[in-house]
Amino acid sequence: MSTTSAGLRRTAARRPAIRPTWCCSFSLDPQTPHSKPYSPIAKPHSLTSRRILSPGRVSPIDSDPIDSDPIQDLQEKRLSSVEESRDGGSFRGFRVRLKGREGEVVILSEKEKEMICENSEVFRGLIGGMDLNRGFEIELDGVKGLEGFKATIGLMREAGRNEMRWLAKIGVSGAIEILEVSCSIRFERGIAACLKYVEAAPWTENEEEKLKTLLKTYSLNKTLTQDIVSRFCTASLTSSDNLTVHLIRSITSGSNSKSRRELHTLMNGILSSSSMYQKDIAGLNKEGIYDLCHSVLDSLLVLLKEERPSAERISQQLENLNWLSEILIEKQIGEEFVDLWINQGELISMHEISSPMVRYEMSRVSATIFISLGKGKIHINGEKRFEFFNSWFGPMLLDFGWLRRCPKGLEMRMLEECIGQALLTLAMQQQQRFFMEWFRVFSEQGRECPNLTRAFQVWWRRSFVRSVGQR
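Everything quoted here is computed from the prediction, not taken from an experiment. (Residues numbered from 1 in each chain as written. Predicted model: local features only at pLDDT ≥ 70, side-chain atom pairs only at ≥ 80, totals over all residues. Heavy atoms only, no water.)

(A) Quick peek at the packing of helix 5 (residues 161-185) against helix 7 (residues 205-217). Relative orientation of the contacting elements helix 5 and helix 7 amounts to 15 degrees, with a least axis distance of 10 Å. Relative to helix 7, helix 5 is oriented roughly parallel. Our pair here, helix 5 against helix 7, has a crossing hand that is left-handed. Where helix 5 abuts helix 7, its residues Val-172, Ser-173, Ile-176, Leu-179 and Glu-180 lie against Glu-207, Lys-210, Leu-211 and Leu-214. Grouping the constituent residues of the contact of helix 5 with helix 7 by class yields five nonpolar, one polar and three charged. (Axes fitted to C-alpha atoms, helices over the stretch in contact; angles between N-to-C directions. Helix = DSSP H or I, 4+ residues; strand = E, 2+ residues; numbered from the N terminus. Parallel < 35°, antiparallel > 145°, perpendicular 65-115°, else oblique. Left-handed = near helix turned anticlockwise from the far one by under 90°. Contact = heavy atoms within 4.5 Å. Nonpolar A, V, L, I, M, F, W, Y, C, P; charged D, E, K, R; others polar.)

Now the structure itself:
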């Protein structure tokens, strides 16, 4: 036989699986004969290329795509790329060759091979039926992360307490990669070590999602995973609607203004409809929030009636009330709050005799409602809209200058536009009454009063300019 023929190699026989399937494609069948050793006089034989993907990932063995779940079809998979050595009789034992998706190649050393065969059930089963007096090569093609595979071998070298120290050096992301590889090759000590380390370490949200995916993919011992699962399982927690009301009540009763503002921002982000926390519609106990509104209003009236009322505490309660109104309007349940604000006759009577700071905070609450009416975020009938203007339009004209000087987040042009738009939703006779009141105040105070000229022009045209063809 020629030297060229002697250099040819032959694919080892494939063998069906001997153990229950796990989430990787490293399974063998012992029922087929052992792979035939390399023979220098063998006839040329073409190799049928089949590959195994990276640990924890399965690809079709044949070229035709498979639509079903590959994890469920693992019993049909067979080990591929187990070939006789190209070195013929000069090589004894086996090689393990890892090939990454980008084409990079790593060949395990003798110590690494011994280490992985000693610790991995998959690899022990893989070489168990081979004749190691001949040369064989095991190739894992398309490995997703070679670094994770090599790191897993590194963990195999550690033992006892050293495992935790070693994992601490590579961090949670690295430990999750090792955990995935360990699950795939059935490295039980590595699985236990990674789970123990990850359970005690803080995670990022991205790492948490990776963990959830891993735990869904692999059937792991519940005793090992129960502490991890408890960190993102919310089944036994208090319902979010009651918890939200409790948190809001805590904020409104707080005395540190800076902390309250920070917590306002936090809760607004959580409750926002576009928030990243809103995987489902956030619960909000409507009755609980309105009970809180009544409580704040009662406290406000008590403070206003004191012989020496504290402007700071009054402003705090009005600030709380304004924040609660924003929450209710954002959740599209603010109609009852408008009715509640309309019926504050005692509060309205105190408006003129209150300090500018208190009047300013009262009008901020009204401004929130004006903007919501002008934008169509609150839907109340015409009678209620008239009652609201009748109660709070006059105070808004007087306090607008204070709002302009210290808007605290209010968009003043939007406020002017929304007051005009809301005013145009009233009946024509009602519009005339309020536009005449505005005209008088605006002519005296100028920009200390909201500029409603555009809305006034619309009202005038609708009232007195005849349409084409109208007689």
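(B) Layout of the nonpolar core. Residues Ile-248, Phe-337, Trp-341, Phe-388, Phe-389, Phe-393 and Leu-415 are the most contacted members of the largest nonpolar core, which totals 70 residues. With 10 residues, helix 11 (residues 286-304) is the single largest residue contributor to this core. In terms of nonpolar packing, the next biggest core, distinct from the first, is built from 40 residues, Val-96, Val-106, Leu-126 and Tyr-197 among them. (Core = buried A, V, L, I, M, F, W, Y, C linked by side-chain atoms within 4.5 Å. Buried < 20%, exposed > 50% of the residue type's maximum accessible area, 1.4 Å probe, protein only.)

(C) Region of interest: the packing of helix 11 against helix 12 (residues 311-330). One way to put it is that helix 11 packs onto helix 12 with a least axis distance of 9 Å and a crossing angle of 160 degrees. In terms of their interaxial angle, helix 11 and helix 12 are classed as roughly antiparallel. The hand of the helix 11/helix 12 crossing is left-handed. The residues of helix 12 that touch helix 11, namely those facing Ile-289, Tyr-290, Leu-292, Cys-293, Val-296, Leu-297, Ser-299, Leu-300, Leu-303 and Leu-304, are Arg-313, Ile-314, Gln-317, Leu-318, Asn-320, Leu-321, Leu-324 and Leu-328.

(D) Molecular detail of the confidence of the model for the protein chain. The predicted model of the protein chain has a mean per-residue pLDDT of 76, with 72% of residues at 70 or higher. The model gives residues 1-90 a pLDDT under 50, and that stretch makes 180 contacts with residues more than four places away or in other chains. (pLDDT = per-residue confidence, 0-100.)

(E) Quick look at a nonpolar patch on the surface. Residues Leu-263, Leu-266 and Ile-270 make up a contiguous nonpolar surface patch of roughly 230 Å² in combined accessible area. Structurally, Ile-270 is set in helix 10 (residues 257-271). (Patch = residues over 30% accessible without salt bridge, like charges linked within 9 Å, V, L, I, M, F, W, Y side chains within 5 Å. Areas by Shrake-Rupley, 256 points an atom, 1.4 Å probe, with all protein chains shown as cover. Salt bridge = Lys/Arg side-chain N within 4 Å of Asp/Glu carboxyl O.)

(F) Molecular detail of helix 11. Between its first and last C-alpha, helix 11 extends 27 Å over 19 residues, near the 27 Å set by a 1.5 Å rise per residue. Among all positions in helix 11, only Gly-288, Ile-289, Tyr-290, Leu-292, Cys-293, Val-296, Leu-297, Leu-300, Leu-301, Leu-303 and Leu-304 are buried. At the N-terminal end of helix 11, a side-chain oxygen is found 3.2 Å from the backbone nitrogen of Glu-287, two or three residues along, and the residue is Asn-285. (Expected span 1.5 Å × (residues − 1). Polar contact = N/O pair within 3.5 Å; in protein donor to acceptor, adjacent residues only side chain to side chain.)

(G) Here's a closer look at the side chain of Glu-361. Mapped onto the elements, Glu-361 comes out in helix 15 (residues 356-375). Engagement of the side chain of Glu-361 in a polar contact is seen with the side chain of Lys-408, the distance being 3.4 Å. Aside from chain neighbours lying at most four places away, what touches Glu-361 is Ser-315, Leu-318, Glu-319 and Lys-408.

(H) Spotlight on the pattern of salt bridges. A full pass over the atoms with the stated rule returns 17 salt bridges. Across the salt bridge formed by Arg-186 and Glu-188, the nearest N and O atoms sit 3.0 Å from each other. A salt bridge links Glu-319 to Arg-260; the nearest nitrogen and oxygen atoms lie 3.6 Å apart. Of the two residues, Glu-319 is situated in helix 12 and Arg-260 in helix 10; the sequence distance between them amounts to 59 residues. By the burial criterion, Glu-319 is buried, and Arg-260 matches it. Through salt bridges with shared partners, a single ionic network connects Arg-260, Glu-319, Glu-361 and Lys-408.

(I) Highlighting the layout of surface pockets. Counted as a void, the second largest pocket has a volume near 880 Å³. Among the elements of the structure, helix 10, helix 12 and helix 15 are those that each provide at least two residues to the lining of the second largest pocket. Sort the elements by how many residues they give to the lining of the second largest pocket and helix 12 lands first, with seven residues. Its residues placed into classes, the lining of the second largest pocket shows seven nonpolar, eight polar and 10 charged. (1 Å grid on protein atoms, 1.4 Å probe; cavity = no way out; pocket = protein on both sides within 12 Å on 5 of 7 lines; lining within 4 Å. Points joined across faces, edges and corners; volume = space filled by probe spheres on them.)

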